[in-house]
Every structure is written in C-alpha cells, then in structure tokens.
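# A look at the structure
Now for the letters of each chain:
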Amino acid sequence: MPAENEIQDKLKGAFGERISELKTTRGRRVFVRVPPSLVKEVISYLKQDLGMTHITTITATDVGEEIEVLYHFLCRGVTVSLRTSVPKANPAIDTITPIIPGAVLYEREIQDLLGLKVKGHPDPRRLVLPEDWPEGVYPLRKEYKVKVEEG
Amino acid sequence: MSVSIPIGPQHPALKEPVNLTVTLDGEKIVDIDMRLGYNHRGIEKGSESRNYIQNIYLTERICGICNVAHTTTFCQGVEELLGLEVPKRGLFIRTLLCELNRIHSHLLWLGVAGHEIGFDTLFMYSWRDREIVMDLIEIVSGNRVNIAINAIGGVRRDVSDDMRAQILQGISQLEARSQYYLDVASTEVTFLRRTEGVGKLPKEKAIELCAVGPFARASGVEYDVRKDDPFAAYPYLDFKVITSDRCDVLGTAIVRALEIVESCKMCRQIIEELPAGEIKAKAPRKVPPGEVVSKTEAPRGELIHYIRSNGTDRPERLKVRAPTLANIPSVLYSLRGGYIADIPIVFAAIDPCMACMDRVILLDTDHGKTKRVMTWEELRQHGMEWYADRKG
Amino acid sequence: MFPEIWKHLFKKRATVLYPFERLNVPKDLRGKPILDEQKCSLKCKGACAIDCPAKAIVMEKVEEKGSRPVFLLDRCTFCGQCSESCPFGAIKLSEEFELAQYDRKSLVSKQW
C-alpha cells in the first residue's frame, strides 16, 4: 500500500470524527484539518507512532475572518500538512517547540508577519521586521496594502 | 567574567547581512544569538500582485546561486495545480540545469570556505574551475546567473547536438578537477587544521533541530529530497545520497566534494539519455483554485514552496522557506563551546544564502565601556593568527 | 598543492584584457530587445507589457492606429519573456550587451 494511504488510514483510525478533513492530492502528500485544541495531540501521535522526524515549515494565510495555519511535516517520505484555523480577532495558538524544537524560528516568523500569538514560545522576539516597525501592523494580512512608487 | 560582542550587519563582499551577538568567556563562546531580517524584501507579499509568469522571475531572484531550484519548485507547483504534464525532454533539460547549478554552488562554497580560513589559493583555483560550469550554463540558457530556463509547462530553450558535445567535454574536465578537490579536502594539512573537529553537531541534535542539506548529511542524517520525494527527471536517474559520519566542518567539505562528482555523473547520464520530443506544454494563464506543496533539493538543502490559487491569474498565497533558515538553530548549537576564531568557517559551513557580518564591537559587560571595534577582515585575520600561534 | 602550483606556473593567463581584447559571446546570448515594426500589430493592447516582470515596457500611442512598445533598458532584466508573450513574434533579443550610458534618459529605447 502506498505510504500516504497508510498514514491516512492510521490517522482516521486514531482520531476518527475529531478530524474534519483528510485528503490525499497525489503521491506523498496528505492534508489534514483539525481544530486548534487537537493540534498538539496529533503532532505527538505523528512523532511517536508514524515516525515523523522533521518539520519543513509553518505557513499562515489570511483567509478573511480567520487565519489558517498549516504545519508541514515529513513522515517517512510523505509530506503531511496539518491545517487549523483561528479567528482573526483573537489569533492565539500554542507553541509546539516542546515536541519539535526545530519549529522555533517558523513560529517567530508567523508571529511577526501575521500577528499570530504563539503562547509559551521560548523566544518571542521579532524575526524579520525591524525593531522600529509599528506594533499591530502585520504585512502579510490582506488589509495591508503595498504602496507603489514610480521611480 | 563574560563579554558580549555584537557582530554587526554590513559587509561589502559576496554575502548578505546578519547580526550576531556572541557572549564570550576568554576565547570560548558561551552563548550566541542571531538577528535576521536585514535582507527581507517582501517577496511573499509582492507575489500576490503579480501574475504567475511574472512570479517565475520574482522567485528566481530570491537567491542568485540557487536560482534554478527556486524556479523549478515554483513551476512544478503551478504545473501540479493546472494538472499539466511536462514532456520528458523538458524534465531532463530542467534536471540538467539543476545539477549544473549544484556543481556551481559547491565549487563556489569551496572557494568561500578557503577564503574564510585564509587559504586564498584554494579560493582562486576553485573559482577558476567554476568558470567552466558558468560557460556551460551560458551556452544552454543565454545567461550566467538568473538563467530563467524554466517556464510553466517545461523549459524555454532546447539543447542542440553541438551543445551536448560541449557539455560532455566540460563535464570531463570538471570530473578531473573535482577529484583533485576531494584530495585537497581530505589530505591538505592547511585545510584539515582549521576544519577537523570544528563545529561539531551530533546526529541526534541535527534531527531534533531539523537541519537540512549537505550540512545535515555531514552529520549522518540521510535526507535528500531527490531520493525521498523525487521530482523532475530524478526517478529516471541513478545516483547515491552522500553522507558522512564526521559531524564537523570537514565532513561538510567532503560531502560537497563527493556531491560534485555525483552531479557530474548525473549530467553525463542526462546528456546520454536525453529523449526526443517537445520541451514545453502549453499552459493556460488562469489557474483553478487549489493548493500545492512543492519540494525540491536546492544546493543548500530542502526547499519548499506552498502555493494557493484562487481561479485568477495571480496567486492567493506564496510561501517560501529557503534551506538556510532551517539550518540556523543547528549552526548556533554547533558554535557554542567553540572558539571565536572558528566563527567564520563554521558559519560558512552551512553555505549561508543569507549571512554576512562586519563590525565586531567588544563590550566589557562589567564596566559597560566600549573597548574596540573590529571589522570582519580583522576577525578573519585573528582566526588565522590564533591558529598559527596555537600550533607552535 | 605544490605539484599543482608548479603546473600552473607554465599555463596561459586566464584573464582577458577587456576592452582591448574581446571574448566571443555564445550564440543566443540574451541582450538588448529589438522590435520588428512590420510584425507588431499595434492592436494587441500590449501583451509584452503585461508580462514584463520588471515593468520595463511602456506602450505608446501611434496616431489612431493603436500602440507600440518602448523599452526602458535601465529596468530591463533581459529575461526574454516579452519575446515569448508576443503573439506575432515581433520582439527578439539580440546579442548586444554593451549598453551602458552616462544618462538614464538615453536608456529609453524607442525603435520606431
């Protein structure tokens, strides 16, 4: 059985109805959607039972009323993308650095550019924006418009 | 008594700015911290206001050395969203340029590593051999850097028969030279003294901190996207994943030299097995809604593009994670416990596509007085003299 | 490295004394874009300008007939996308690469 189908079946078996969406778009890609409260449990399961060793990156997208966070993991050659949504009015999420220390810089980046509050992060400083950047202005949100200057 | 030194952002040679703050106890590094963001250009935001064709050229300029990897990742992501199949000849030419780019990047790294330890002869020789690769790339694509060979649906230029003969000749020259660099890396005393046992990163730490690329493979982590998640023409090619158990900077040099040899073999295989046919499939301008995760192996490690489309001719979201960002926690770990003289070479070992430092200000934390300002040149000199004194 | 250095003492100099000596550029080098007036349809509303990644093409009106491209060579990255996007094949990249000028205004290339 191809690896991505095996991973899909195991996730369905372990979490059942608590996962709202599970699909395989092509070989070696799995997309899963969970509520924010289930994120840490699924990541621990991926690490202990499905041989996950590596986080590739964390993507965050502004989809209007919510901010969608995607964690991209590597499980035995398959890229598992774990998706969750938090409301834009209160974008708070727990850190995953106790389970995966390698995620430390990616969480700083989404905190900086999209205003996601990562609770419990060991080092919540800015990553890419300068120190004198105004608080509360998040460049990757759709409200932020880029000014075009003709040279 | 520990002293805290900020190593500040600007330097006029080769690389990009970064800021390090080093806490020292005598000559040993107790702690090290880094500030990034000096080269942040807002490319992810900029890609949302350009159409997919303009975005190929924008992603190419994320990095001058890995430019083929960025366009390959982007184009293959959009092709997956469109459900477009690239003709086999196009895939082979794309892979040929990925591998030539890899040889170029590793030769460049050898020169930079030689320069950081003060071995300028190695720098000059490896960069002169890099000219062979640059000429081959120019013959195929029309440009030496930012080669723009990829288009959505395939490649833009074809490889003619006399180009094939010239490439094979260039590859033979490179194979002989790369064998020579392998000997230098493993036996040349000047090189060994500065790189052996320096910047140690054990295998468990490399996995825990999610390191990628030749830097992780030098610590024994066997992860190469070309083997684990093949893309382009890699399923049809026969090659080995090079790892080393050394876990130090010398291991990264040996892994890269062996990878040049492996890439030369792959280029030869591609030229000999190049199938006939079209090089590009016609691609529509509007991309149906969807999302894709596209991964490739850039010369520095695993590169990922996440693209989300919304039915128009502009992307909804483009997320890029370049391989150097993944290696930063690991390099900061490997520098702790080392000497300040090792900072240039250990930093160069991850082949930073975003690093450069100048202006070291020595602050005495007890008295709070600024003592001395050092430039990057002086830091390099300090490293060379320190090792020379230590020997005899 | 000593045998290597000895060998190199007797090799030819690798540096080319440009501009007194010239290197031959490879065929199909991507240089300055050239417009073929006969092929440009004037009516396509600027397919070249829409796809230019550097916004280096400006469409200028030609009486009542339509518009033709003007190239801003100080913004051009010589990528060749204009040549591919033109539905009539009116733009080709030549091998001319020595384009430096003292004044930015002389880099506006109106070829009609």
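Residues numbered from 1 in each chain as written. Chains lettered and ligands numbered in written order. Predicted model: local features only at pLDDT ≥ 70, side-chain atom pairs only at ≥ 80, totals over all residues.

## Brief notes about the overall build of chain A
Secondary structure summary: chain A contains 3 helices and 7 strands in total. Listed N to C, the secondary structure of chain A is α-β-β-α-β-β-β-β-α-β in terms of helices and strands. Considered along the principal axes of its C-alpha atoms, chain A spans approximately 55 × 35 × 30 Å. Residues counted as buried form 36% of the 151 residues belonging to chain A. Taking as baseline every contact in chain A between residues at least 6 positions apart, the subset at least 24 positions apart corresponds to 48%. (Helix = DSSP H or I, 4+ residues; strand = E, 2+ residues; numbered from the N terminus. Buried ≥ 20, exposed ≤ 12 C-beta atoms within 10 Å, placed from the backbone. Contact = placed C-beta atoms within 7 Å.)

## Focus: the interface of chain B and chain A
Each partner contributes to the interface: chain B provides 26 residues, whereas chain A provides 24 residues. Residue assignment for the side of chain B that touches chain A shows that the elements contributing at least two residues are α1 (43–46), α8 (203–208), β6 (290–298), β7 (301–309), β8 (315–321) and α12 (323–335) of chain B. Looking at the side of chain B that touches chain A element by element, the count peaks at 4 residues for β7(B). When the residues that make up the side of chain B that touches chain A are grouped by side-chain class, the tally is 11 nonpolar, 4 polar and 11 charged. (Nonpolar A, V, L, I, M, F, W, Y, C, P; charged D, E, K, R; others polar.)

## Considering the sheet that holds β6(B)
Residues and elements named next belong to chain B. The strand order across the open sheet built from 3 strands is β6-β7-β8, with neighbouring strands paired in antiparallel fashion. A strand with exactly one partner marks an edge of an open sheet, and here the two such strands are β6 and β8. Here the strands of the sheet are splayed against their neighbours by 15 degrees on average, with no regard to which way each runs. Across the face of the sheet, helix α3 (residues 67–82) comes into contact with β6 and β7 while running at roughly 150 degrees to β6. (Pairing = 2+ DSSP bridges. Axes fitted to C-alpha atoms, helices over the stretch in contact; angles between N-to-C directions.)

## Looking at the domain arrangement of chain B
In many reports, interface size means the accessible area that the parts give up when they come together. All names here are of chain B. You can read the domains of chain B as domain 1 (3–39 + 326–391) and domain 2 (43–321). If you look at the interface, domain 1 gives 21 residues, while domain 2 gives 28 residues. Counting only elements with at least two residues in the side of domain 1 that touches domain 2, the list comes to α12, α13 (343–349) and α14 (376–391). Sorting elements by how many residues they give to the side of domain 1 that touches domain 2 places α12 first, with 7 residues. (Domains from an automatic or database assignment.)

## A look at the arrangement of the chains
The top pair by number of contacts, from a total of 2 pairs of chains in contact, is chains A and B. For chain A and chain C, which are not in contact, the least C-alpha distance works out to 10 Å.

## Observations regarding the pairing of β8(B)
The side chains of a regular strand alternate, residue by residue, between the two faces of the sheet. Residue and element names in this part refer to chain B. With 7 of 7 residues buried, β8 is to be regarded as a mostly interior element. Two elements, β7 and β8, share 6 bridges in a ladder whose sense is antiparallel. In the sheet register, His-305 faces β8, and the bridge partner there is Val-320. The loop that links β7 with its antiparallel partner β8 comprises 5 residues; one of these, Gly-311, has a positive phi angle of about 95 degrees.

## Structural notes on the nonpolar core
Counting 143 residues, the largest nonpolar core has Phe73(A), Val80(A), Val78(B), Leu97(B), Ala211(B) and Val346(B) as its most contacted members. For this core, the element with the most residues is helix α4 (residues 88–116) of chain B, which contributes 13 residues. Discounting residues that sit within four places of it in the chain, Phe73(A) has contacts with Leu46(A), Met52(A), His54(A), Ile55(A), Thr56(A), Val80(A) and Leu82(A). (Core = buried A, V, L, I, M, F, W, Y, C linked by C-beta atoms within 7 Å.)

## Considerations on the sheet that holds strand β1 (residues 21–26) of chain A
All names here are of chain A. Taken in spatial order, the 5 strands line up as β1-β2-β5-β4-β3 in an open sheet, and their pairing is mixed. Each edge of the open sheet is held by one strand with a lone partner, namely β1 and β3 (52–62). Between one strand axis and the next, the sheet turns by 20 degrees as a mean value, whatever way the strands run. Here 4 bridges tie β1 to strand β2 (residues 29–33), and the two strands are oriented antiparallel to one another. In the sheet register, Leu-22 faces β2, and the bridge partner there is Val-32. On top of the sheet, helix α1 (residues 3–15) reaches β1, β2, β4 (66–75) and β5 (78–87); it is set at about 180 degrees to β1, its chief contact.

## Topic: the environment of Phe78(C)
Residue and element names in this part refer to chain C. In this structure, Phe-78 sits in the loop between β3 (66–72) and α3 (81–85). Along the backbone, Phe-78 and Leu-29 are 49 residues apart, and their C-alpha atoms lie at a distance of 9.7 Å. If we ignore the near neighbours within four places in the chain, the residues touching Phe-78 are Arg-30, Gly-31 and Leu-93.

## Concerning unusual backbone geometry
Omega for the bond connecting Tyr18(C) with Pro19(C) falls within 30 degrees of zero, at 5 degrees, which places this linkage in the cis form. By the element assignment, Pro19(C) lies in the loop between α1 (2–9) and β1 (33–35). A positive phi is found at Cys210(B), a non-glycine position, where the angle reads about 55 degrees. By the element assignment, Cys210(B) lies in the loop between α8 and α9 (213–217). Given 27 C-beta atoms within a 10 Å radius, Cys210(B) is considered buried.

## Let's talk about helix α2 (residues 52–60) of chain B
Most of α2(B) is tucked away, with 9 of its 9 residues classed as buried. Those residues of α2(B) that sit buried are Tyr52(B), Ile53(B), Gln54(B), Asn55(B), Ile56(B), Tyr57(B), Leu58(B), Thr59(B) and Glu60(B). Buried residues along α2(B) sit against α1, α3, β4 (150–151) and β8 of chain B together with α2 (47–51) and α3 of chain C.

## Regarding the interface of chain B and chain C
Taken residue by residue, the interface counts 13 residues in chain B and 13 residues in chain C. Of all the secondary structure elements, the ones that give two or more residues to the side of chain B that touches chain C are α2 and α5 (120–141) of chain B. Within the side of chain B that touches chain C, the residues separate by chemical class into 5 nonpolar, 4 polar and 4 charged.

## Details of the packing of α2(B) against α3(B)
Residues and elements named next belong to chain B. Taken N-terminus to C-terminus, the directions of α2 and α3 make an angle of 150 degrees; their axes are 8 Å apart at the nearest point. By the angle between their directions, the pair α2 and α3 is classed as roughly antiparallel. By crossing handedness, the relation of α2 to α3 is classed as right-handed. Residues Tyr-52, Asn-55, Ile-56, Thr-59 and Glu-60 of α2 form the contact with α3, whose own contacting residues are Asn-67, His-70, Thr-71, Phe-74, Cys-75 and Val-78. Here the residues of the contact of α2 with α3 sort into 5 nonpolar, 5 polar and 1 charged. (Parallel < 35°, antiparallel > 145°, perpendicular 65-115°, else oblique. Left-handed = near helix turned anticlockwise from the far one by under 90°.)

## Quick notes on the pairing of β5(A)
Residues and elements named next belong to chain A. As judged from the 5 bridges shared by β2 and β5, these two strands associate in the parallel manner. The residue bridging Val-32 from the neighbouring strand is Leu-82, located in β5. If you look at the hairpin formed by β4 and β5, you'll find 2 residues sitting between the two strands, and Arg-76 has a positive phi there, around 50 degrees.

## Some details on the packing of α4(B) against helix α11 (residues 249–272) of chain B
The relative placement of two packed helices is expressed as an angle between their axes plus a distance between the axes. Residues and elements named next belong to chain B. Closest axis-to-axis distance for the α4/α11 pair is 9 Å, and the angle between their directions is 155 degrees. Regarding the angle of α4 to α11, the classification is roughly antiparallel. Relative to α11, the crossing made by α4 is left-handed. Across from Phe-92, Thr-95, Leu-96, Glu-99, Leu-100, Arg-102, Ile-103, His-106, Leu-107, Trp-109, Leu-110 and Ala-113 in α4, the residues of α11 making contact are Ala-253, Arg-256, Glu-259, Ile-260, Ser-263, Cys-264, Met-266, Cys-267 and Ile-270. Of the residues in the contact of α4 with α11, the class split is 14 nonpolar, 3 polar and 4 charged.

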